Amino acid sequence: MSVVGRDAIDIRRMTDSDLDRVIDLIKKITKGKSRITYRDLVANNPGGPLDMSLVAEARGQMVGFIMARVEFVYVPLLEVCLIQTIGVDPEYQGRRIGSTLIQKLIELCHLEDVATIRALVAQDDEPLRRFVEHLGFHSSSIVNWDKTFEA
Ligand SMILES: CC(C)(COP(=O)(O)OP(=O)(O)OC[C@H]1O[C@@H](n2cnc3c(N)ncnc32)[C@H](O)[C@@H]1OP(=O)(O)O)[C@@H](O)C(=O)NCCC(=O)NCCS
């Protein structure tokens, strides 16, 4: 537990039963612009063996989360903890909740012997890029190339 302002912040592992509140928080953070669905989040299998997702709570209310899971990428295979998204309630931003979530994830990775954390950051998401750079992340030498088509 850490103390942010007057509120004690608890960080714990995410479970399936958190997903509705995660969706609500994403809607609040993105002002309804995100198209992420419950199905997308379930696909991540929260609480499953490869899942590393965390939630931050103040007075029992979810105020932040990080969606992350262990993946094996590239050749030679590299085990990474992939951060898919992180979000903090706008009313609670700037109170070190985001950096505490990342710190807890680092501790979890140490426990699980995962030596690399990779954050997925959209090229045009300048605030998130600055946040992860501030926390010591550097740009990866591997670049994603996507081909899209009608499913
Ligand atoms: C990025 C985000 C997670 C940061 O969380 P936070 O709790 O507000 O950040 P913290 O208070 O822990 O900040 C940690 C440090 O990073 C710095 N920082 C945070 N955001 C920053 C930014 N945009 N640019 C530069 N530095 C930044 C802070 O100044 C702080 O520095 P300090 O350690 O010297 O005090 C939060 O602002 C957020 O949720 N943004 C929206 C993210 C989003 O759109 N996610 C996708 C949809 S949910």
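Caption draft 1: Looking closely at the overall build of the protein. The helix and strand inventory of the protein stands at 4 helices and 6 strands. Ordering the α and β elements of the protein from the N terminus gives β-β-α-α-β-β-β-α-β-α. Rg of the C-alpha trace for the protein: 15 Å, near the compact-globule value of 15 Å for 151 residues, within the 12% margin. For the protein, restricting intrachain contacts to residue pairs at least 6 apart in sequence, the fraction spanning at least 24 positions comes to 60%. Entry remark: accessible area of the protein is about 10,100 Å², with carbon and sulfur atoms responsible for 52%. Taken together, the 19 basic and 22 acidic charged side chains of the protein have centroids lying 5 Å from each other.

Caption draft 2: View of helix 4 (residues 126-134). With a side-chain oxygen positioned 3.2 Å from the backbone nitrogen of Leu128, the residue opening helix 4 is Asp125. Directly beyond the C-terminal end of helix 4, a positive phi value near 95 degrees is found at Gly136.

Caption draft 3: Just the side chain of Asp89, in detail. Along the chain, the position of Asp89 falls in the loop between strand 5 (78-88) and helix 3 (97-111). Those residues in contact with Asp89 that sit more than four places away from it in its chain are Leu25, Lys28, Ile29, Gln61 and Val63.

Caption draft 4: Layout of the pattern of salt bridges. Inspection of every chain in the model, using the stated rule, returns 10 salt bridges. A salt bridge links Arg12 to Glu57; the shortest N-O distance between them is 3.0 Å. Of the two residues, Arg12 sits in strand 2 (residues 7-13) while Glu57 sits in strand 3 (residues 54-58), which places them 45 residues apart along the sequence. Residue classification places Arg12 among the partly exposed residues on the basis of a relative accessible area of 27%. With relative accessibility at 12%, the residue Glu57 sits in the buried group. Residue Arg69 pairs with Glu71 through a salt bridge whose shortest N-O separation is 3.1 Å. Relative accessible area serves as the criterion here: at 15%, Arg69 is assigned to the buried category.

Caption draft 5: Summary view of helix 3. In this model helix 3 runs 21 Å from its N-terminal to its C-terminal C-alpha over 15 residues, within 8% of the 21 Å that 1.5 Å per residue would give. Taken together, the buried positions of helix 3 are Ile97, Gly98, Ser99, Thr100, Leu101, Ile102, Leu105, Leu108 and Cys109. After helix 3 finishes, the residue Asp113 shows a positive phi value of roughly 60 degrees.

Caption draft 6: Fine view of the site of the ligand. As a structural note, the neighbourhood of the ligand is formed by 19 residues, with Val88, Gly94, Arg96, Gly98 and Ser99 the closest of them. One of the backbone N or O atoms of Ile86 is found 2.9 Å from a nitrogen atom in the ligand. One of the side-chain N or O atoms of Arg96 is found 2.6 Å from an oxygen atom in the ligand. When isolated, the ligand has an accessible area of 940 Å², and the protein chains bury 70% of it. Of all elements in the fold, only helix 1 (19-30), strand 5, helix 3 and helix 4 reach the threshold of two or more residues within the shell around the ligand. When residues of the shell around the ligand are assigned to their parent elements, the largest contribution, 5 residues, is made by helix 4. Of the residues in the shell around the ligand, the class split is 8 nonpolar, 8 polar and 3 charged.

The rules we used
Residues numbered from 1 in each chain as written. Predicted model: local features only at pLDDT ≥ 70, side-chain atom pairs only at ≥ 80, totals over all residues. Heavy atoms only, no water. Helix = DSSP H or I, 4+ residues; strand = E, 2+ residues; numbered from the N terminus. Rg over C-alpha atoms; globule rule 2.2 N^0.38 Å. Contact = heavy atoms within 4.5 Å. Areas by Shrake-Rupley, 256 points an atom, 1.4 Å probe, with all protein chains shown as cover. Lys, Arg positive; Asp, Glu negative; His and termini not counted. Charge placed at Lys NZ, Arg CZ, Asp CG, Glu CD. Polar contact = N/O pair within 3.5 Å; in protein donor to acceptor, adjacent residues only side chain to side chain. Salt bridge = Lys/Arg side-chain N within 4 Å of Asp/Glu carboxyl O. Buried < 20%, exposed > 50% of the residue type's maximum accessible area, 1.4 Å probe, protein only. Expected span 1.5 Å × (residues − 1). Near = heavy atom within 4 Å. Nonpolar A, V, L, I, M, F, W, Y, C, P; charged D, E, K, R; others polar.

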